[in-house]
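The residues making up each chain are set out below.
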Amino acid sequence: MTRLGYPERILFPATYQAAPKAMTTKTTRTSWDRIALALLIAGQLAYAALLVTYGRFIAHDEIAYKAAGREWGLHGRLVATEEEGVPYWSKEVHCRGIGLPLFPLAFGIWVRLFGFTLRTSVAFDVAISLLLSWVTYAVARTLNRSGPRWPGALAALFVLPLTLHGRPEGLAMILAFVGWILCVRSEKRSAWFIAGILEGLAGATSIAAAFFIGWLVLLRRNRPANVMLWLATAAVTFGSILAYASAVSVGDTLSSITTGAGQASGRSWSMILDGFRYGRTPTPAAIAMLIPIAVAGRRNRNLWLVPLIVQLAIPVLFPREFYYVWIVGPMLLAIDFTLYERTNHRGLLAALGLPVYLLAISRVLISWTVMATLPEDQRLEANLRLVESIIPRTSTVMVYDYWPALGAKYHVFASDAYPGWDRIDYLVLTGNGSGAPGERQHLFYNQEPHVINEYRVVLDRLNRKPFSIGPFHTHSAWGFGPLILQRIRRPGESNESANLPSSCW
C-alpha cells in the first residue's frame, strides 16, 4: 500500500500483470472526477441563481459591516450614517461602522460598479461564496495532490450552504487560504512573501481569520521563511489599518478594533448564549466535520492534527463568537472528503456525519425554500413600490430588512441606531424573526415606548401565514410585507427630516 491508500498495482501497473484492471480503475476514477466537477459547477450556478433571483433576508450585523462601504460607494464618504448613535459602540465609533477596512472598501467598490440594491448586495456575498468554494477545492487538491479530484469537488459543494453572508470572514478566509496554498506548494521565498501579503490583507479584513489560518502555516513548517511571511503579514495588516484610520480617525478605528476584540472574547453566560444564537449553523456543522476524523483519521494524523488543534482553540479563545468556528471549516471539509476517499468505512462515515451536517444546514435550506415560495404579496418588488409611494424621498426612515432596498433612495437609519426620535419620520419593519405570525420585529426595550407612543400605523401588510412544508415550519411568518409607522407630528410639522444636521456627516 502507498501512503495515499492505493495498492501499488494500481499506481504502478507496469510492475504487475494486472495492468488492464489498473487502467480500468484509473478510468473509473477519472469518470467520478468529471461527474463531481460537473455537479460542483451545477450546484454553484443553482446557488447563485437562487439567491440573486429571490434574494435573502438580511444577516446579523450585515448593516454595520456594509454601511460605510455603501456610503463610500454612493457618496464618497467613509461613514456609516445608518448607525448614528448606536449605544453599544463608543461615541467616536458609532458613525464608522464596525470591523476592519478591506471588507467595507471592497463592498464600496462593488456598489460603485453595480449600484446598491437588494440584488447587488446579495450578489456581492454570492461572489465571495463562490470564490471560497473554489478555494476549498484548491485546499483539497493541495492536501491530496496525487489523489482524485472528486473529494475536493464535493468539499467545495458542501461549503456553499455554510458561508456566512454579510460578514468579512469569508473574504478574509479566501485571502488567507490562498496564502496557505502558496506556502505549501512552493519552496520559493518569493511565494512566501506573496503569501505574507495575502495574509496581511486577510488581517485587514478579519484579524481572527488571518490569525487562525496563519497558525496553519506556522505550525506546519518551522523555517526561516516563516519570519519573512509574518513580517510581510504584519506590515500589510497594520499598514492597511493605519491607511484606513487616516481616512477616518485613528482613535475611532483603534477603538473599534479593541472594542470588538473585547466583545468577541467575552465569557459571561449571557454573552456565550447570545453568540450561540448566531452560530446555530456553523456550530453543529463543525461537529459534523469532526466525525470523519474520529472514525477514519487514525492513520492520517499528519493531515488533520494541526487543523484540529486550531479548530478546538477557536471556541476556547472566542466563546462568544460561535461563527468563528467556520474559519477552519473549508479545510476540515477538504480533510473529511479526503479521509472518506481513503477509508474502507464510507458507509459508516456517511451514516454518522451526513445527518449531523444536514441538521446543521437545515435552517439555511428552510430559509432558501421560504424565499423561493413567498406569496406574491410578500415579495419585495411589489411592496417596495408601495413603500415608495407612501414615504416622501426627503424623509428619514428606520429600517432593517428594507435597508438594501431603500438605502440608495432615502436617508435611512438601522434599527439599532439612536439618532434622536425627532429625526426618524418613518419606520419600515417586517415580521421576520418576530416569533409570531402578524407580529412586527422587536426593537430594543428602550426604543419600544417611543414607537408605541409617538408613531401611528399607516400600512400593515405583515405576513400572517407562517411557512410550512411537510414536517418543517417556522414560528414567524416571513416575507417583505411591511409595517409602516409614521411619526405623529404637531399640526403643520413636516415628516421630512432628511436635511437635519447629523453628527455623522
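We now turn to the structure provided with this report. (Residues numbered from 1 in each chain as written. Predicted model: local features only at pLDDT ≥ 70, side-chain atom pairs only at ≥ 80, totals over all residues. Heavy atoms only, no water.)

**Focus: the packing of aromatic side chains**
Right, on to step 1. As enumerated under the stated definition, the model contains 20 aromatic pairs in all.
Right, on to step 2. With 5.0 Å between their ring centres and 45° between their planes, Phe57 and Trp478 make a pair best called tilted. Separated by 421 residues along the polypeptide, Phe57 in the loop between helix H2 (19-54) and helix H3 (62-75) and Trp478 in the loop between strand E6 (472-473) and strand E7 (483-487) bring together distant segments of the chain.
Right, on to step 3. Given a relative accessible area of 26%, Trp478 falls into the partly exposed group.
Right, on to step 4. Each member of the aromatic cluster is reached from another via a ring pair, and the members are Phe103, Phe107, Trp110, Phe114, Phe116, Phe124 and Trp403.
Right, on to step 5. The ring centre of Trp72 lies 4.0 Å from the NZ or CZ of Arg112, which sits over that ring.
Right, on to step 6. The side chain of Arg346 reaches across the aromatic face of Tyr340, ending 5.5 Å from its centre. (Phe/Tyr/Trp six-rings, centres within 6.5 Å; stacked < 30°, edge-to-face > 60°. Helix = DSSP H or I, 4+ residues; strand = E, 2+ residues; numbered from the N terminus. Buried < 20%, exposed > 50% of the residue type's maximum accessible area, 1.4 Å probe, protein only. Lys NZ or Arg CZ within 6 Å of the ring centre and 35° of its normal.)

**A short note on the sheet that holds E7**
Right, on to step 1. Taken in spatial order, the 5 strands of this open sheet run E2-E1-E3-E7-E4, and their pairing is mixed. Edge positions in the open sheet fall to strand E2 (411-414) and strand E4 (455-460), since each of these has one partner strand only. Across this sheet, the average inter-strand angle for adjacent strands is 25°, counted without regard to direction.
Right, on to step 2. Relative to E2, strand E1 (residues 396-399) is paired through 4 bridges, and the arrangement is parallel. Following the sheet pairing, Thr396 is matched in E2 by His411.
Right, on to step 3. Across the face of the sheet, helix H17 (residues 380-390) comes into contact with strand E3 (426-429), E4 and E7 while running at roughly 140° to E4. (Pairing = 2+ DSSP bridges. Axes fitted to C-alpha atoms, helices over the stretch in contact; angles between N-to-C directions. Contact = heavy atoms within 4.5 Å.)

**Brief notes about H3**
Quick reminder: α-helices carry 3.6 residues per turn. Residues three or four places apart thus point the same way.
Right, on to step 1. With 14 residues, H3 should reach 20 Å at 1.5 Å per residue; the first-to-last C-alpha distance of 19 Å fits that figure.
Right, on to step 2. Roughly 30° is the biggest bend found in H3, and it falls at Ala68.
Right, on to step 3. Burial analysis of H3 places 11 of its 14 residues in the buried class, the great majority of the element.
Right, on to step 4. All of the buried residues along H3 are Glu62, Ile63, Ala64, Tyr65, Lys66, Ala67, Ala68, Gly69, Arg70, Glu71 and Gly73.
Right, on to step 5. The elements touched by buried residues of H3 are helix H4 (102-114), helix H5 (118-143), helix H18 (403-406) and E2.
Right, on to step 6. Residue Gly76 follows H3 closely and has a positive phi angle near 80°. (Expected span 1.5 Å × (residues − 1). Bend = angle between axes of the 7 residues up to and from the residue.)

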